[in-house]
Amino acid sequence: MQWYEINASTSTVVQQNAYGAKGRYYYFPVIQTDSLGNAFLVFTRSGSTELPCLRATGRKTSMPANDLEGSLLVKAGESAYNGSRWGDYFGICRDGADPRTVWGYGEYAEAGGNWGTWIVAMRY
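None of the values given here were measured: they were computed from a predicted structure.

A. Inspection of the environment of Tyr-4 at higher detail. By secondary structure assignment, the location of Tyr-4 is in strand S1 (residues 2-7). Here the alpha-carbon distance between Tyr-4 and Asn-66, two residues 62 residues apart in the chain, equals 8.5 Å.

Next comes the structure, spelled out in structure tokens:
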């Protein structure tokens, strides 16, 4: 997956990079910053030995430019998914009461071949 930081006032790219492991597939990433500028991403990942699961990653403002942390498993996939729709339920936002906390949600393969959604709170 590709990610970018864009300076909105100058319309210039501040940093960017591709993210992902070989042999894995990444679906519907969503990104949000906290009030300090730290970034958080939530996405689905799958592969030949990995059921569609929900994962998260991020980057602190103190990290080297163009870099993200390794992803963490949020919700493991429970079965194969062969449905025709995926991606309707992904989102991310700052917490209204605590702007240093970011909430994300997304899909994973639920037991029985269905999709399910899961919510995660993230904070540095």
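Once you've had a look at it, read on.
B. Looking closely at the sheet that holds strand S4 (residues 39-47). An order of S3-S4-S5-S6 is seen for the four strands of this open sheet, with the pairing classed as antiparallel. Edge strands, defined here as strands with exactly one partner in the open sheet, are strand S3 (24-33) and strand S6 (72-75). Between one strand axis and the next, the sheet turns through 30° on average, direction left out of account. Sheet topology places S4 next to strand S5 (residues 50-59); eight bridges connect them, and they run antiparallel. Within the sheet, the bridge partner assigned to Val-42 lies in S5 and is Ala-56.

C. Main features of the sheet that holds strand S8 (residues 101-110). Taking strand neighbours across the sheet as the criterion, the three strands line up as S7-S8-S9 in an open arrangement whose pairing is antiparallel. Both outer strands of the open sheet, strand S7 (91-94) and strand S9 (114-123), are each paired with one neighbouring strand and no more. For this sheet, the mean angle separating the axes of adjacent strands, direction not counted, is 20°.

D. Molecular detail of the environment of Val-120. Looking at the secondary structure, you find Val-120 in strand S9. Here Val-120 falls in the buried class, since its relative accessible area comes to 13%. For Val-120 and Val-30, which are 90 residues apart along the polypeptide, the C-alpha to C-alpha distance reads 13 Å. If sequence neighbours within four positions are ignored, Val-120 has contacts with Val-42, Val-74, Val-102, Trp-103 and Gly-104.

E. The side chain of Glu-107, seen in detail. Along the chain, the position of Glu-107 falls in strand S8. With no salt bridge to any partner, buried Glu-107 finds its closest opposite charge in Arg-85, at an N-O distance of 7.9 Å. A distance of 2.6 Å separates a polar atom in the side chain of Glu-107 from the backbone nitrogen of Gly-87. Among the polar contacts made by the side chain of Glu-107, one reaches the main-chain amide nitrogen of Asp-88 at a distance of 3.3 Å.

F. Looking closely at the nonpolar core. By size, the foremost hydrophobic cluster in this structure holds 14 residues, and its most contacted members are Val-42, Ile-92 and Met-122. At the level of secondary structure, the elements contributing two or more residues to this core comprise S4, S5, S8 and S9. Counting residues per element, this core draws most heavily on S8, at three residues. Residues in contact with Val-42, not counting those within four places in the same chain, are Phe-28, Pro-29, Val-30, Leu-54, Arg-55, Ala-56, Ile-92, Gly-104, Tyr-105, Val-120 and Met-122. Residues Tyr-19, Tyr-26, Phe-43 and Leu-68 belong to the second largest nonpolar core, which totals six residues.

G. Broad picture of a nonpolar patch on the surface. Together, Tyr-89, Trp-103, Tyr-105, Trp-115 and Ile-119 line one region of the surface with nonpolar side chains, adding up to about 510 Å² of accessible area. Put simply, the parts of the chain that give the nonpolar patch at least two residues each are S8 and S9. The residue Tyr-105 is located in strand S8 in this model. For Tyr-105, a relative accessible area of 37% translates into the label partly exposed.

Calculation notes
Per-chain numbering applies: the sequence of each chain, read as written, is numbered from 1 onward. Two thresholds apply to this predicted model, a pLDDT of at least 70 for residue-level local features and 80 or more for giving and counting side-chain atom pairs, whereas whole-chain, interface and lining totals are computed over all residues. Hydrogens and water molecules were not included; the side-chain quantities draw on all heavy atoms of the structure. Secondary structure elements are taken from DSSP: a helix is a run of H or I of four residues or more, a strand is a run of E of two residues or more, and numbering for both begins at the N terminus. Note on pairing: two strands pair once DSSP finds at least 2 bridges between them. A fitted line through C-alpha atoms represents every axis, and for helices the fit uses only the stretch in contact; the resulting angles, taken between N-to-C directions, go from 0 to 180 degrees. Think of it in three bands: residues with accessible area under 20% of the maximum for their type are buried, residues over 50% are exposed, and the middle band is partly exposed, with areas taken using a 1.4 Å probe on protein chains only. When checking whether two residues touch, look at their non-hydrogen atoms; a contact exists if any pair is within 4.5 Å. In this tally, Lys and Arg are treated as positive and Asp and Glu as negative; His is ignored, and so are the chain termini. Here, a salt bridge means any Lys or Arg side-chain nitrogen found within 4 Å of an Asp or Glu carboxyl oxygen. Whenever two N or O atoms come within 3.5 Å, that pair is a polar contact, provided that in protein one can donate a hydrogen and the other can accept it, and provided that, for residues adjacent in sequence, both atoms are side-chain atoms. The criterion is simple. A nonpolar core is a set of buried Ala, Val, Leu, Ile, Met, Phe, Trp, Tyr and Cys residues joined through side-chain atoms within 4.5 Å. To count toward a patch, a residue needs a relative accessible area above 30% and no salt bridge. Like charges then connect within 9 Å, nonpolar side chains (Val, Leu, Ile, Met, Phe, Trp, Tyr) within 5 Å. Throughout, the Shrake-Rupley method with a 1.4 Å probe supplies accessible areas, and for residues the shown protein chains are the sole cover considered.

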